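# A structural walkthrough
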Amino acid sequence: MSDTGLPLTIIGGYLGAGKTTLVNTLLRNAQEQRLAVLVNEFGSLPIDADLIEAQDGDLVTLAGGCVCCSYGDDLMFALTKIRNMDPAPDHILLEASGVALPGAIASSISLFGDDIRVHGVVTLVDAETLPDLLSDTYISDTITRQLKSADLVILTKTDLAPPEKTSLSRELVGRHAPSASVLESKVDGIARILLLDDVSVDRASDLDIAPHKIPLVTNTLSMTETVDADAFAKTLASDPNVVRAKGHMVQADGNRVTLQLVGGRYSITNAPKTAQSGIVVISKSA
Amino acid sequence: MITVFSARKILTMNPQRPVTSHVAIRDGIILGTGTLDEFEGWGPYTLDDRFADKVLMPGMVEGHCHLQEGALWSHTYVGFFDRMSPEGEMQAGCKTVDEMLAKLAAAEARLEDPDAALPAWSLDPIYFDNQKITRGQLDAISSTRPIGIMHASGHIMNVNTKALELAGLLRTGINHEGVPLGSDGLPTGELRGPDVMSPVSIHVGFDRDMLSCDEPGMWRFGKLCIRAGVTTATDLAARLPEEAVETLLRVTGNTNFPARIVPLRFHHGVSPEDLIAHVEALAPQSTDKLRLGRIKIVVDGSIQGFTARLRAPGYYNGSPNGLWYIPPEHLAYILETSLRKGIQVHTHTNGDEATQLVLDTMARVLRKAPSLNHRFTLQHCQLADTAQFRQMKELGLCVNLFANHHFYWGDQHYDLTVGPERAERMNAAGTAAREGVPFAIHSDAPITPLGPLFTAWCAMNRQTATGRTLGEAEKITLDQALRAITLGAAYTLHLDNEVGSIETGKRADFAVLEDDPEEKGVEQLNETRVWGTVLGGTVFAASDV
């Protein structure tokens, strides 16, 4: 148990899986959230010039309070800078490079202890190219490792891929990431799921997530009773249909805590004093 | 003004006049070699006989090293082997853990600022029976200032409690394979891998950009070049931001700076498109002593760090395969675009799978962008087999092999990383020569010391530190080795038209030796004493620096 750490989501996946599109969408839809987005390099991320408020080397400040940082080959240094930002961002989104292993990145970030908490590894895969990548001499084991470390796998471009490719990809994801939650979605749908942060109970009902193929259901649990937070989180995390959850609850000892959950991974931290009880849960309608 | 140097012997590496006694130079360029009467037609000259008892050979070319070696000498050297400092002090190697700790304690005692960090480098516990160093041992030296010791491999660091505290790592509950824990649940102070070292290294006095070099470091590097007989040296993985280029231009522009520097822009941290644009912008800023406009791509990791990409049958100890540091698509883009634009690319590949990826990719992009003399060079290329050398030849690739590696870590490769058969074929210079692949050999300084004559000795003898010979068939001859450290390396940089041999029209770059390498021969070449260098006609004596 600790003070609230900076929540961080890792977005992994090979070239072409939709990571950059996702980062773009996130930046455009941040609304009142202050996002810190880390990318390997700016090159592939076209940021609209009129969005840029200031640029200082590898750190770009965007209108609305979001920042975007390119970390090159020193992710840990970039994260140290983000951690020391004042005011602190609400959420860090880390776009891993195409050949990076998100599991190894998560492990490194754990060195920040309570300051930064990985609350999810999201691996994107392109439904059309996944079968080829998994049979590629050079890259297949990298893709396998990216899938294995995912809490949430998002199969993208299912609307573009031939149906037989999509179903093959679906099967391959099931085989290589058996414990991860799997979603099929267009990128803008994912953005909203990932930004489910700082959600108040009221805003949750406004969520309009319409992913491809599998419908999602958003439930709000009022959490009026005290609970064993860890046991509660474990139950949610072990439910294969639960994709994402976030909110606050009060434990039997009177401590108010925040739950962050992505797929099978969750973290529980001390909640801000003003936090209202209530947890939003997004799940696949089984 | 024409100067003629006389020498006991001049090894020209020019087969038309392989051995002569005099060399005439004007404005930094060689007019010719031969006898005094052959120079008459050039006009009046001054005869300089200060090298009358010395042996001259072409200034040596180190095709894979880093200016960082100069920066590291501002820290305490704690390596196992004796190593010459830039100032010419032979620093005794630390043969036991206690000797290392004593050297650190002495360095600590010299620090006046009580908060100053104490950085040290080149620790190699493999020579101490892999005895682990603990933070407690370093705390005994100082518990108030941060201490950090970089291992020789560059992949591991040992730090004291204060350093862990400053980096926020002195706590229980850490769960990371690169951070071993003691019985108290706290880190032991050993940190493995760049992600783990990075948050701590800045607190113990290492630069964040480990490969960078400041101005004093460059001058120290220059001194090392003079002592090693090197007149052209690469800086093989440079980011080259504007400030760094300004420093490089300023320092190399000084007539007292004794080396030509060839920095290669490395691919990390920029998009492939921006990388190409950056080197295109850098190229026109080149000067005689600073050659910009080349690219270095790091394809995989290291063998001893188990991050190199190996083909079947993989690592000898069963470690999982290593890591890619660039997606194959980006590699293909950079190679193809560079071929079209005439930009030279060197690729770091340690494992044979990484080498194969470059070979396959080159075969594909050369069909799209045919190029006759690209001289793209595979760097390290430690595990390539004979078929891969044949492919290099077919594709017009060069190779620069890590000959020193055998001496320092050959036994470890034999016992642990790749096993006996592949340890014997590592850095297969003999195969490169047999298959006709243009090749060089290197030190990767600061990983191993800058010293082409020692590197040549390693490639000829293939001995490990314990005396085992690794790969009789891959030994090369004296002629091949001397060529590899001069013309061979120059060829991989497209500089063989300017340097690498002593012949008319080329730059007056010489290594000045006390001993004759041909007399020293295969077994004693490493004992050849270097007097200094001549760069573009300017004399640099090791005794003066």
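Residues numbered from 1 in each chain as written. Chains lettered and ligands numbered in written order. Predicted model: local features only at pLDDT ≥ 70, side-chain atom pairs only at ≥ 80, totals over all residues. Heavy atoms only, no water.

Here we come to the overall build of chain B. What chain B contains, in helices and strands, is 18 helices and 23 strands. Here the C-alpha atoms of chain B give a radius of gyration of 23 Å, agreeing with the 24 Å that 2.2 N^0.38 yields for 545 residues. Dimensions of chain B, computed from the C-alpha atoms along their principal axes, are close to 80 × 55 × 45 Å. Per-residue burial over chain B gives 61% buried out of 545 residues. For chain B, the proportion of contacts with a sequence separation of at least 24, taken over those separated by at least 6, is 72%. Just so you have it, chain B exposes about 19800 Å², and 50% of that area is on carbon and sulfur atoms. Positive and negative side-chain charges in chain B, numbering 49 and 67 respectively, have mean positions lying 3 Å apart. (Helix = DSSP H or I, 4+ residues; strand = E, 2+ residues; numbered from the N terminus. Rg over C-alpha atoms; globule rule 2.2 N^0.38 Å. Buried < 20%, exposed > 50% of the residue type's maximum accessible area, 1.4 Å probe, protein only. Contact = heavy atoms within 4.5 Å. Areas by Shrake-Rupley, 256 points an atom, 1.4 Å probe, with all protein chains shown as cover. Lys, Arg positive; Asp, Glu negative; His and termini not counted. Charge placed at Lys NZ, Arg CZ, Asp CG, Glu CD.)

Among the seven residues of strand β1 (residues 6-12) of chain A, seven are classified as buried, and the element is accordingly described as predominantly covered. Side chains Leu6, Leu8, Ile10 and Gly12 of chain A project from β1 of chain A onto one buried face, and the interleaved Pro7, Thr9 and Ile11 of chain A project onto a second face that is buried too.

With that settled, the discussion passes to the nonpolar core. Formed by 172 residues in total, the largest nonpolar core has its most connected members in Leu38 and Ile109 of chain A together with Met392 and Val399 of chain B. Shared between two domains, this core holds at least three residues of each, these being domain 1 (76-204) and domain 2 (215-535) of chain B. Counting residues in hydrophobic clusters, the runner-up holds 27 residues, among them Ala17, Leu93, Leu152 and Val262 of chain A. (Core = buried A, V, L, I, M, F, W, Y, C linked by side-chain atoms within 4.5 Å. Domains from an automatic or database assignment.)

Right, let's get into the interface of chain B and chain A. Each side of the interface is counted separately: chain B has 33 residues, and chain A has 25 residues. For the pair chain B and chain A, the summed buried surface comes to about 2300 Å²; carbon and sulfur atoms form 55% of the total. Between the two partners, chain B and chain A, sit one salt bridge. Here aspartate 141 of chain A and arginine 309 of chain B are joined by a salt bridge, their closest N and O atoms 2.8 Å apart. Connecting chain B to chain A are twelve residue pairs in polar contact (both at pLDDT 80 or more). Those elements that provide at least two residues to the side of chain B that touches chain A are α6 (194-201), α10 (328-341) and α11 (352-368) of chain B. Per-class residue counts for the side of chain B that touches chain A are 14 nonpolar, ten polar and nine charged. (Buried area = accessible area lost by both parts, 1.4 Å probe. Salt bridge = Lys/Arg side-chain N within 4 Å of Asp/Glu carboxyl O. Polar contact = N/O pair within 3.5 Å; in protein donor to acceptor, adjacent residues only side chain to side chain. Nonpolar A, V, L, I, M, F, W, Y, C, P; charged D, E, K, R; others polar.)

This part takes up the packing of aromatic side chains. All names here are of chain B. If you walk through the whole model with that rule in mind, you get 20 aromatic pairs over all chains. On the numbers, 5.2 Å between centres and 85° between planes, the contact of phenylalanine 81 with tyrosine 127 is edge-to-face. With phenylalanine 81 in the loop between β7 (76-77) and β8 (83-84) and tyrosine 127 in the loop between β10 (118-123) and α4 (135-139), this pair connects stretches of sequence that are 46 residues apart. Looking at phenylalanine 81, the relative accessible area reads 18%, which means it is buried. One aromatic cluster is present, built from ring pairs that chain together Phe80, Phe81, Tyr127, Phe128, Phe407, Tyr408, Trp409, Phe454 and Trp457. Stacked on the ring of tyrosine 491, the Lys or Arg arginine 375 has its end atom at 3.7 Å from the ring centre. (Phe/Tyr/Trp six-rings, centres within 6.5 Å; stacked < 30°, edge-to-face > 60°. Lys NZ or Arg CZ within 6 Å of the ring centre and 35° of its normal.)

Right, let's talk about the pairing of strand β8 (residues 152-156) of chain A for a bit. Residue and element names in this part refer to chain A. Burial analysis of β8 places five of its five residues in the buried class, which makes it a mostly covered element. Covered by surrounding structure in β8 are Leu152, Ile154 and Thr156 together with Val153 and Leu155, the residues of both alternating faces. Bridge count for strand β7 (residues 116-126) against β8 is five bridges, and the pairing is parallel. Bridge pairing in β8 places valine 125 opposite leucine 155. As judged from the four bridges shared by β8 and strand β9 (residues 181-184), these two strands associate in the parallel manner. In the sheet register, leucine 152 faces β9, and the bridge partner there is serine 181. (Pairing = 2+ DSSP bridges.)

Residue and element names in this part refer to chain B. With parallel pairing, the eight strands of this open sheet are ordered in space as β6-β14-β15-β16-β17-β18-β19-β20. Both edges of this open sheet fall to β6 (60-62) and β20 (439-441), since each of them pairs with a single strand only. Strand-to-strand twist of the sheet, defined as the mean angle between neighbouring strand axes without regard to direction, takes the value 20°. One ladder, built from five bridges, connects strand β16 (residues 294-298) with strand β17 (residues 344-349); its direction is parallel. Pairing of isoleucine 297 across the sheet is with threonine 347, part of β17. (Axes fitted to C-alpha atoms, helices over the stretch in contact; angles between N-to-C directions.)

All names here are of chain B. Taken domain by domain, chain B holds domain 1 (76-204) and domain 2 (215-535). At the interface, 14 residues of domain 1 touch 15 residues of domain 2. Scanning the region where domain 1 abuts domain 2 turns up one salt bridge. As a salt-bridge pair, lysine 223 and glutamate 87 come within 3.4 Å of each other at their nearest N and O atoms. Linking domain 1 with domain 2 are seven residue pairs in polar contact (both at pLDDT 80 or more). Considered class by class, the residues forming the side of domain 1 that touches domain 2 number seven nonpolar, four polar and three charged.

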